[in-house]
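An overview of the molecular structure
Here's the letter readout for the chains.
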Amino acid sequence: MVRLVGDVVDFEPGQSVAVTVPSSPHLPRRYSPALPPSRDGKYEFHIRAIPAGWVSGVIVNDTREGDIWTIDDPAGDLRVDDTDDDIVMVAGGTGLAPMRALLLDLARRPRPPRVHLFVGGRSPRDLYAADMLSLIARTADWLTVIPVVEKMTDPMYRDEYFDAAETRRLQTAPDTGFGAGDYLQGRVGEVVARRGPYLSQRVLVCGSPAMSAFTLRALTTTGTPVANIRHG
Ligand SMILES: Cc1cc2nc3c(=O)[nH]c(=O)nc-3n(C[C@H](O)[C@H](O)[C@H](O)COP(=O)(O)OP(=O)(O)OC[C@H]3O[C@@H](n4cnc5c(N)ncnc54)[C@H](O)[C@@H]3O)c2cc1C
């Protein structure tokens, strides 16, 4: 997770922006802000290091306080219309970032729409923002968060981010995450599609290219109209 402050960039919640970091000045990459636009230029990005990727690993490992990022070219159609009153969000991995920006923006509405957010990962530790999600859901009666994992057991190999967060949590904070009984099991796209078709809902999908393609196929195969789906 990277937080920045700077000039105001004009984007809509749910859109992605082109980011250029100082260590890779000629390799812009698209990332989705996890906060809606703020008047004081605050940004948060959730970045996953892709093995063998040119830029994401550098961002995750080498970003330092004082770095200056260039952020421009907002784009994308992952949005909620004013008339949408029933939303299904499907997020895989860092696909949660634009959903979070949308949720925080919807929370400002006098009457937010009903939202079911399915957030998927391979195992519970992949749900990197589970504590934040359960906190938002506790105060927002219009939002239901459904964690979905392929396996209930975390793999044996280490995950530095998770291990550090877990150590901090054990030392300082109460458990605000999901209980074992809250999880559904399966691939998130499959789990969501099985509960469809979504004939009157707006369905928003964001995740890795593979997750998005799988989810779009599962949704349309089970009868959700393409016109109801937007993806990031
Ligand atoms: C609209 C949009 C929004 C995005 N938002 C985010 C975000 O909020 N957070 C985030 O971490 N990433 C996001 N991405 C992905 C990001 O733009 C980069 O593609 C990613 O960080 C990899 O960059 P890289 O330079 O490390 O890898 P590259 O050197 O560009 O690619 C290395 C290899 O990894 C593959 N690859 C790229 N992305 C993925 C992926 N997600 N899963 C599996 N394989 C992949 C490429 O196809 C290539 O084969 C977004 C992408 C798009 C198009």
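Residues numbered from 1 in each chain as written. Predicted model: local features only at pLDDT ≥ 70, side-chain atom pairs only at ≥ 80, totals over all residues.

The next point concerns the overall build of the protein. Assigned secondary structure in the protein consists of 6 helices and 11 strands. The buried share among the 232 residues of the protein stands at 32%. Considering only intrachain contacts with a sequence separation of at least 6, the fraction spanning at least 24 residues in the protein is 77%. (Helix = DSSP H or I, 4+ residues; strand = E, 2+ residues; numbered from the N terminus. Buried ≥ 20, exposed ≤ 12 C-beta atoms within 10 Å, placed from the backbone. Contact = placed C-beta atoms within 7 Å.)

Spanning 13 residues, helix H6 (residues 209-221) covers 18 Å between terminal C-alpha atoms, matching the ideal 18 Å at 1.5 Å per step. If you check which residues of H6 are buried, you get Met211, Thr215, Ala218 and Leu219. When H6 is viewed along its axis, its buried side chains cluster within an angular range of 95° and face the same direction. Residues Pro209, Ala210, Arg217 and Thr221 are exposed on H6 and point more than 90 degrees away from its buried face. Packing partners of the buried residues in H6 comprise strand E6 (86-92), helix H5 (188-194), strand E10 (202-206) and strand E11 (229-231). (Expected span 1.5 Å × (residues − 1). Arc of directions from axis to C-beta.)

Moving on, we get to the site of the ligand. The environment of the ligand is formed by 20 residues, the closest being Gly53, Trp54, Val55, Ser56 and Thr94. Taken together, the elements giving at least two residues each to the shell around the ligand come down to strand E3 (29-31) and helix H1 (56-62). Sort the elements by how many residues they give to the shell around the ligand and E3 lands first, with 3 residues. The residue makeup of the shell around the ligand, split by class, is 7 nonpolar, 10 polar and 3 charged. Shared between two domains, the shell around the ligand takes at least three residues from each, and those domains are domain 1 (2-75) and domain 2 (86-231). (Near = placed C-beta within 6 Å. Nonpolar A, V, L, I, M, F, W, Y, C, P; charged D, E, K, R; others polar. Domains from an automatic or database assignment.)

So, on to helix H2 (residues 96-106). Among the 11 residues of H2, 9 are classified as buried, and the element is accordingly described as predominantly covered. Among the residues making up H2, those that are buried are Leu96, Ala97, Pro98, Met99, Arg100, Ala101, Leu102, Leu103 and Leu106.

Next up on the list: the nonpolar core. Residues Met89, Val90, Met99, Leu117, Phe118, Val119 and Leu204 are the most contacted members of the largest nonpolar core, which totals 48 residues. With 7 residues, the single largest contributor to this core is H2. Residue assignment places this core across two domains, with domain 1 (2-75) and domain 2 (86-231) each supplying three or more. When sequence neighbours within four positions are dropped, the list of residues in contact with Phe118 reads Met89, Val90, Ile146, Val148, Val188, Val191 and Val192. (Core = buried A, V, L, I, M, F, W, Y, C linked by C-beta atoms within 7 Å.)

A separate point is the sheet that holds strand E9 (residues 184-185). Backbone hydrogen bonds are what pair the strands of a sheet, in a parallel or an antiparallel way. The strand order E9-E8-E7-E6-E10-E11 describes an open sheet built from 6 strands, whose pairing is parallel. A single partner strand is all that each edge strand has here, and the edge strands are E9 and E11. In the sheet, E6 pairs with E10 via 5 bridges, with the strands oriented parallel. Considered in E10, the bridge of Ala91 is made with Cys206. Contacts between H2 and the sheet are confined to E6, strand E7 (114-121), strand E8 (143-149) and E10, with E7 contributing the most and set at about 160° to the helix. In this fold H6 packs onto E6, E10 and E11, with an angle of close to 155° to the strand it touches most, E10. (Pairing = 2+ DSSP bridges. Axes fitted to C-alpha atoms, helices over the stretch in contact; angles between N-to-C directions.)

Within the secondary structure, Gly41 is located in the loop between E3 and strand E4 (42-45). The exposure class of Gly41 is partly exposed, given the 13 C-beta atoms found within 10 Å. A C-alpha to C-alpha distance of 5.3 Å links Gly41 and Asp7, two positions 34 residues apart in sequence. Setting aside anything within four residues of it in sequence, one finds Gly41 in contact with Val5, Gly6, Asp7 and Val8.

Next up on the list: the confidence of the model for the protein. The predicted coordinates should not be examined in detail at positions where pLDDT is low. Per-residue confidence for the protein gives a mean pLDDT of 90; residues scoring 70 or more make up 89%. Of the regions scoring below 50 in pLDDT, residues 171-176 engages in 3 contacts with residues more than four places distant in sequence or in other chains. (pLDDT = per-residue confidence, 0-100.)

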